[in-house]
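Summary of the model geometry
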Amino acid sequence: MTDLIRVLLADDDRLIRTAIDAILRTTDGVELVAQAADGRAAVELTVRHRPDVALLDIRMPVLDGLAALREIRRVAPEVRVVVLTTFGEDEYVTEALRAGAAGFLLKESAVDELPQAIRAAAAGAAFLSPKVTRQVLDGLPAAPVAAAEELRKVATLSEREREVLVLLAQGLSNAEIGARLWVSEGTVKTHLYRVFAKLDCDNRVRAAMLAQRAGLLG
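If you're wondering where the values come from, they're calculated on a predicted model, not measured in any experiment. (Residues numbered from 1 in each chain as written. Predicted model: local features only at pLDDT ≥ 70, side-chain atom pairs only at ≥ 80, totals over all residues. Heavy atoms only, no water.)

**Looking at the packing of helix 1 (residues 14-25) against helix 5 (residues 110-122)**
Rules: A fitted line through C-alpha atoms represents every axis, and for helices the fit uses only the stretch in contact; the resulting angles, taken between N-to-C directions, go from 0 to 180 degrees. In this text, helices come from DSSP runs of H or I with a minimum length of four residues, and strands from runs of E with a minimum of two, each type numbered from the N-terminal end. Working definition: roughly parallel below 35 degrees, roughly antiparallel above 145 degrees, roughly perpendicular at 65 to 115 degrees, and oblique for all remaining angles. A clockwise turn of the near helix away from the far one marks a right-handed crossing, whereas an anticlockwise turn of less than a right angle marks a left-handed crossing. Throughout, a residue-residue contact means that at least one pair of heavy atoms, one from each residue, lies within 4.5 Å. Three classes are used, and their members are as follows: Ala, Val, Leu, Ile, Met, Phe, Trp, Tyr, Cys and Pro are nonpolar, Asp, Glu, Lys and Arg are charged, and the others, Gly among them, are polar.
Between helix 1 and helix 5, the shortest axis-to-axis distance is 10 Å and the interhelical angle comes to 60°. Taken together, the axes of helix 1 and helix 5 lie oblique to each other. The interaxial crossing formed by helix 1 with helix 5 has right-handed handedness. Residues Ile20, Ile23 and Leu24 of helix 1 touch helix 5, and the partners they reach there are Ala110, Val111, Leu114, Pro115 and Ile118. Here the residues of the contact of helix 1 with helix 5 are counted per class, giving eight nonpolar, no polar and no charged.

**Some remarks on the pattern of salt bridges**
Stated formally: A pairing counts as a salt bridge when a side-chain nitrogen of Lys or Arg comes within 4 Å of a carboxyl oxygen of Asp or Glu. Think of it in three bands: with a 1.4 Å probe and only protein chains considered, a residue is buried below 20% of the maximum accessible area for its type, exposed above 50%, and partly exposed in between.
Following the criterion strictly, the structure yields 10 salt bridges and no others. For Asp57, the salt bridge identified is with Lys107, shortest N-O distance 3.4 Å. Placement of Asp57 in the loop between strand 3 (53-56) and helix 3 (65-75) and of Lys107 in the loop between strand 5 (103-106) and helix 5 is noted, with a sequence separation of 50 residues between them. By relative accessible area, which is 4% here, Asp57 ends up buried. Look at the salt bridges and you will find they share partners, linking Asp11, Asp57 and Lys107 into a network.

**Here we look at the sheet that holds strand 4 (residues 80-85)**
Within a sheet, neighbouring strands are paired by backbone hydrogen bonds and run either parallel or antiparallel to one another. The condition is simple: Strand pairing is assigned whenever DSSP identifies at least 2 bridges connecting the two strands.
A sheet is described by the order of its strands in space; here six strands give the open sequence 2-1-3-4-5-6, paired in parallel fashion. What marks the edges here is a single partner per strand, and that holds for strand 2 (30-36) and strand 6 (127-128). Here strand 5 pairs with strand 6 via two bridges, running parallel. Along strand 6, the bridge assignment pairs Phe104 with Leu128.

Structure representation (structure tokens):
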């Protein structure tokens, strides 16, 4: 039997915690081991329970989510942190990624994306909401020209893999990519697995940035 992924949740809104708790209770292989209402408690409970994944809201009292993220990375570096927030401003996304976040999701996407993000983080990968991917790209300065090695990697993609990469970089979710290409969401995930492997990327943002540098977005 596969071990449960142990999760800590920190959010100052009790209703949000209740809603996320409900999602996790119906997610196979996941166990919510602790809840916190502020960032300082999140750090203390992380040290006490050593969860596999910590879900942190950005705006919390005592210690905000970004500060809590940095502290958790310092005192419990083995714990993977996914940032979960209603605020999608570029500076939060960038700061969270720089601080070592393994994922960044908007709460509005939690029902569909949270289980996937938790599993990706627990497996050592990274997951970012498609909306976050598009937002990060829109906030970047003009992309530099891709290096020769990057272009070589892009050239290894099949025509369908390249189509999937372009749609990903445009901010479409896996389901939306599948609908656009008339294939199943499972097929899209298979294509993305191959794209990430060929491009040596571990998340949507890095793959999308490479697509941008390679001139695939027009």
